[in-house]
Amino acid sequence: MTATASDRSAAPVVDTETEFGAKVAGRLGRESVLWLTTVGPTGTPQPNPVWFQWRDGEFLIFSKPGQPKVRNIQRNPRVSLNLNSTEHGGDVVVLTGTARVVDQRPGADEIDAFTKKYADGLRSIGLTDEQFYAEYSVVLRVIPDRLRGF
């Protein structure tokens, strides 16, 4: 199954009106980690597992300042986002899109949703909400333009 940005006039990239899109949307709401792949300075793909929030057709990701993924996005905003597949290679979800580093902090509702989603994760790494947002102070936004998988 594939959806592209050119299809956006008819439907969003993650189209919950389709069986596949509804399945992907459900996973984006449940899963804790996705793989953000940026392009390094030599053209080498650089995958990193990241926490994320999916909302209104856009991904919200936080990063520590100065990380290679941040520099990579500033140099080349094209990225891919992958959910883990099953042990035998099923449930493949790959989104491609454009990432950007934004100066504007997310709204209180986004911060609240992100904090609730990762409450257990924050405890597991020994950070309070305040410590996390201070340490992971770079805001990344990704708008997907293509979805493929099975």
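About the criteria used
- Residues numbered from 1 in each chain as written.
- Predicted model: local features only at pLDDT ≥ 70, side-chain atom pairs only at ≥ 80, totals over all residues.
- Heavy atoms only, no water.
- Helix = DSSP H or I, 4+ residues; strand = E, 2+ residues; numbered from the N terminus.
- Rg over C-alpha atoms; globule rule 2.2 N^0.38 Å.
- Buried < 20%, exposed > 50% of the residue type's maximum accessible area, 1.4 Å probe, protein only.
- Contact = heavy atoms within 4.5 Å.
- Areas by Shrake-Rupley, 256 points an atom, 1.4 Å probe, with all protein chains shown as cover.
- Lys, Arg positive; Asp, Glu negative; His and termini not counted.
- Charge placed at Lys NZ, Arg CZ, Asp CG, Glu CD.
- Salt bridge = Lys/Arg side-chain N within 4 Å of Asp/Glu carboxyl O.

Considering the overall build of the protein chain
Here is step 1 of the chain: Secondary structure summary: the protein chain contains 5 helices and 8 strands in total.
Here is step 2 of the chain: Beginning at the N terminus, the succession of helices and strands in the protein chain can be written as β-α-β-β-β-β-α-β-β-α-α-α-β.
Here is step 3 of the chain: Its C-alpha radius of gyration of 15 Å places the protein chain within 12% of the 15 Å reference for a compact globule of 150 residues.
Here is step 4 of the chain: Oriented by its inertia axes, the alpha-carbon framework of the protein chain measures out at about 40 × 35 × 35 Å.
Here is step 5 of the chain: Here the protein chain, with 150 residues, has 40% of them falling under the buried criterion.
Here is step 6 of the chain: Within the protein chain, residue pairs in contact and separated by at least 24 positions form 69% of the contacts whose partners lie at least 6 positions apart.
Here is step 7 of the chain: With an accessible surface of roughly 8,100 Å², the protein chain has 51% of that area assigned to carbon and sulfur atoms.
Here is step 8 of the chain: Taking the 18 positively charged and 18 negatively charged side chains of the protein chain as two groups, their mean positions are separated by 6 Å.

So, the pattern of salt bridges
Here is step 1 of the chain: Evaluated as defined, the whole model comprises 10 salt bridges.
Here is step 2 of the chain: As a salt-bridge pair, Glu58 and Arg141 come within 3.3 Å of each other at their nearest N and O atoms. On the criterion of sequence distance, the pair formed by Glu58 in strand 5 (residues 58-63) and Arg141 in strand 8 (residues 138-149) is long-range, its members being 83 residues apart.
Here is step 3 of the chain: Take Arg141: its relative accessible area is 10%, and that puts it in the buried class.
Here is step 4 of the chain: The partner of Asp145 in a salt bridge is Arg78, and the shortest N-O contact between them spans 2.6 Å. Separated by 67 residues along the polypeptide, Asp145 in strand 8 and Arg78 in strand 6 (residues 78-83) bring together distant segments of the chain.
Here is step 5 of the chain: Among the residues examined, Arg78 registers a relative accessible area of 37% and is labelled partly exposed.

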